[in-house]
Amino acid sequence: MDTNSDSNLLKALEAESWSLISDNALNRFQRSPHHALQMLIYLQAALGYIPPALQRQIARDLQLPITHIQGLVAFYFFLSAEKLGTYRIYISNNITDKMLDAATLTECLCQQLNVSLGCPREDEKVYIEQTSCIGLSDQGPSCLINGLSIPSLNEERIRQIVSLIESDTELSLWPKSLFETSDSIQRKGWLLDNTTSPGESLRQALKIGDEKSLALLEKSALRGRGGAGFPTAKKWRFCKGTPAEKHVVVCNADEGEPGTFKDRVLLRQHCDLILEGMTICARLIGAELGFIYLRAEYLNLLPDLEKTLQKWRDNNLLGQAILGNEGFNFDIEIHLGAGAYICGEESALIESLEGKRGIPRNRPPFPVSEGYLSYPTVVNNVETFAMAARIFGKEGDSFSQLGTEQSKGTKLLSISGDTPKPGIYEFPWGVTIQEIILASGAKNTYFVQVGGPAGELLDQSQFKRTLCYEDVATGGSFMIFNAERNPLEIILNFTQFFAHESCGFCTPCRVGTQLNHQLFEKISTQGAAPSDIEKLEELNLLMDRFSHCGLGKTASHIVKQGLAQFHKKLKPGDDNWSPDFDLDKSLSTARKLRIIDTGAN
Amino acid sequence: MPQKISPRKIKIDQQDIPFSEGQSIMEAAEQAGVYIPHLCHKAGYKAHGSCRLCTVKASGRWVSACTEPAEVGLQVENNSSELQSQRRAIVQLLFAEGNHHCPFCEKSGNCQLQAVAYSLDMHDAHFAHQFPHRTLDASHPEVLLDRDRCIQCELCVRASKEHDKKNVFALSGRGPHTQLIVNSESGKLKDSEIEKDDEAIKVCPTGALMNRSKPFSVPIGQRQFDNIPIDQQSTGKSGNNEAQP
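Quantities reported herein were computed from a predicted structural model and do not represent experimental measurements.

Side note on the overall build of chain B
The helix and strand inventory of chain B stands at five helices and 10 strands. Computed over C-alpha atoms, the radius of gyration of chain B comes to 19 Å, within 12% of the 18 Å expected from 2.2 N^0.38 for 245 residues, which places it in the range of a compact globule. Taking the principal axes of the C-alpha coordinates as reference, chain B spans close to 70 × 40 × 40 Å. Out of the 245 residues belonging to chain B, those deemed buried represent 47%.

This is the structure we're talking about:
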């Protein structure tokens, strides 16, 4: 984004020239309503907020109901209708950040900037808020400033940030070192050791032809790396087999599972492989349209991604008649997210791509038959596309010699928490939890959380279990907790996450995640009453069975597992229980009123 | 030899229910007069699947009957005590989430939320009341929007769009902050295209949207669900909760 247009936009904002601003945003995005969200993200970055009058103007110009634009602004966490501040700071509140004392640093930052959490400062300069995991658990505590990530926060860095803000230093002039993140690759394997040069896999796929390519992928037995493990070749075949005017390829780069960050590293180090996987997919299913849906938290990766895309176009690996093949046309557009974990769910992601609120769709139809704008669509994870491309490369066939019977190949893990060596680890499927812990150098491990808050909590008795689709399946988040950690605090962090990220579409998840968190908060701070435990059990069964999508269904698991694993800490005993009704709390409003209304006494 | 069964049937609680291609479990059930509790579903509107009240166990899977296609041989568990008690919990969640006051609500007796709560034998909200702060829109002389009673089923959204061709309503926000908003410059009903006879108002299963012109025209005691429980009324009519003249 060039500063010149930014300052013009700010001038227009001051003059309340809504149609001028709206026109600018529309022109940047083909004046298409499907880009409504992208326009809002652009304006949020340029103006710091999207005033209601501007929202109305954009709706008019796009010929959409006003409610559509208002709905987007209110749904996505990083969009705001109110002016928050010139510097908007979002501090990652994942449990791994908290374990590195993010709370003290947040307090310190708030104090030095004289601002309270969640309230804009009076001079409209600073706003500080917490946000869900921003994908830097290996170098936390971390935060976003106007969308750009700053890792490894400490007192020194906090002081630096404060002085830059108070001296009104423009973000583009801040020291680059503040924003430098490391890739922390700790263990390489079949994928990360890749030496195939860009275009080689694609050429190979073109050489052997579509049918043989699909057969090759089938033989590799590659399964989706996002967590669900659907056979990749089967997905591509389904999509290819659905007759339609267009087909679409989507790369899901919205990794929001707390504790995961492997896609961040893949996007930085192996972007070519990802683009190549997408292009091979496009060739095989007959797609011309491709998207990368990049989570808002990875805005800092955008410039390099755009550069790589351009390089691909320049080398005729993207665009018209790719590598001289008449009729093979494919290009990729990057869409940004705006702060919604639910958009990692493939149908919610498609809604978001279409410029809507990220509400998961009803299935059937599945995206392979009706996806983006109802066209058959393949949605795969970043890692899946990279692996697919790698399979077509040098010694790609060694893939299926690794892993287990039903889980071939390797898996990237994002390891964080109580370990001296947090970072990316590539292991063949079938590795035991114990082996992973050992490799990470972690000592005195009490339990691990595999697959994020929606995954599995495994204590020492389960460290012999193996990582694979048959046993412990995972999208890649692996958080380690040692014996000094309080499991209740950890589970509470997870219930808070789900309460914040529920999209609100269905009853059990919308209400259940709130109640779950409230009940767990009460239990972990005051102790449980028997009825609290009963309610938690009841709620979690209900969410598991009755929820609309995976978020609600899996949001209940952590509490269920927590109750099972830590029942001694949770279950009310002689000395650690409290009733579920708090008399003082219930009377507090009435007491306040009595004090205010002095004449009433 | 067993007799060859007709190819287009599902079983709901051991009863054979015929269906035609493309029908959902809910549509097949309604056609056969079998009641599956629901709030966000209404015949004639696209399946939504948000209230989750119609969840059934279909050949071992928990699915919402309104969105799940009927398929030959599907074994559906509907009226079991386990499902009914979980559905009661869903209704309890809705009561705990909003601010519902049946005893002095004008919709009492014509309200599907209340009727379904009675039919599921609900006696209290069971879960902690959330007491949300929600705004009321009484700007329109003939139509009232009380968000306290809204259960976010989006029936009005769909009706206004698909039937009234107006697009007056939409859901905004996220999670517990999800709320119904109005398509007008001011965000108020008075400046919208709403009219008192719009389908969007008639389809509301609660008292969130009401026609203000005939308050209490039908006395309490003579309203749609006052004497015959919702589960015993013709399933096709269960969505018709308009006050009788």
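Continuing now.
Quick word on the sheet that holds strand 3 (residues 143-145) of chain A
Residues and elements named next belong to chain A. Overall, mixed pairing links the four strands, which are arranged 2-1-3-4 in an open sheet. Edge positions in the sheet fall to strand 2 (126-131) and strand 4 (148-150), since each has one partner strand and no second. Strand-to-strand, the axes of this sheet are offset by a mean angle of 25°, without reference to chain direction. As paired elements, strand 3 and strand 4 share three bridges and run antiparallel to each other. Across the sheet, cysteine 143 pairs through a bridge with isoleucine 150, a residue of strand 4.

Side note on the interface of chain A and chain B
Counting residues at the interface gives 31 residues for chain A and 31 residues for chain B. Those elements that place two or more of their residues in the side of chain A that touches chain B are helix 5 (66-75), helix 19 (507-526) and helix 20 (530-546) of chain A. Per element, the largest residue contribution to the side of chain A that touches chain B is eight residues, and it comes from helix 19 of chain A. Classifying every residue of the side of chain A that touches chain B by side-chain character gives 13 nonpolar, 13 polar and five charged.

Section: the domain arrangement of chain A
By domain assignment, chain A separates into domain 1 (3-75), domain 2 (87-182), domain 3 (186-400), domain 4 (402-485) and domain 5 (488-570). Each of domain 1 of chain A and domain 5 of chain A has a C-alpha centre, and the two are 38 Å apart.

The rules behind each value
- Residues numbered from 1 in each chain as written.
- Chains lettered and ligands numbered in written order.
- Predicted model: local features only at pLDDT ≥ 70, side-chain atom pairs only at ≥ 80, totals over all residues.
- Helix = DSSP H or I, 4+ residues; strand = E, 2+ residues; numbered from the N terminus.
- Rg over C-alpha atoms; globule rule 2.2 N^0.38 Å.
- Buried ≥ 20, exposed ≤ 12 C-beta atoms within 10 Å, placed from the backbone.
- Pairing = 2+ DSSP bridges.
- Axes fitted to C-alpha atoms, helices over the stretch in contact; angles between N-to-C directions.
- Contact = placed C-beta atoms within 7 Å.
- Nonpolar A, V, L, I, M, F, W, Y, C, P; charged D, E, K, R; others polar.
- Domains from an automatic or database assignment.

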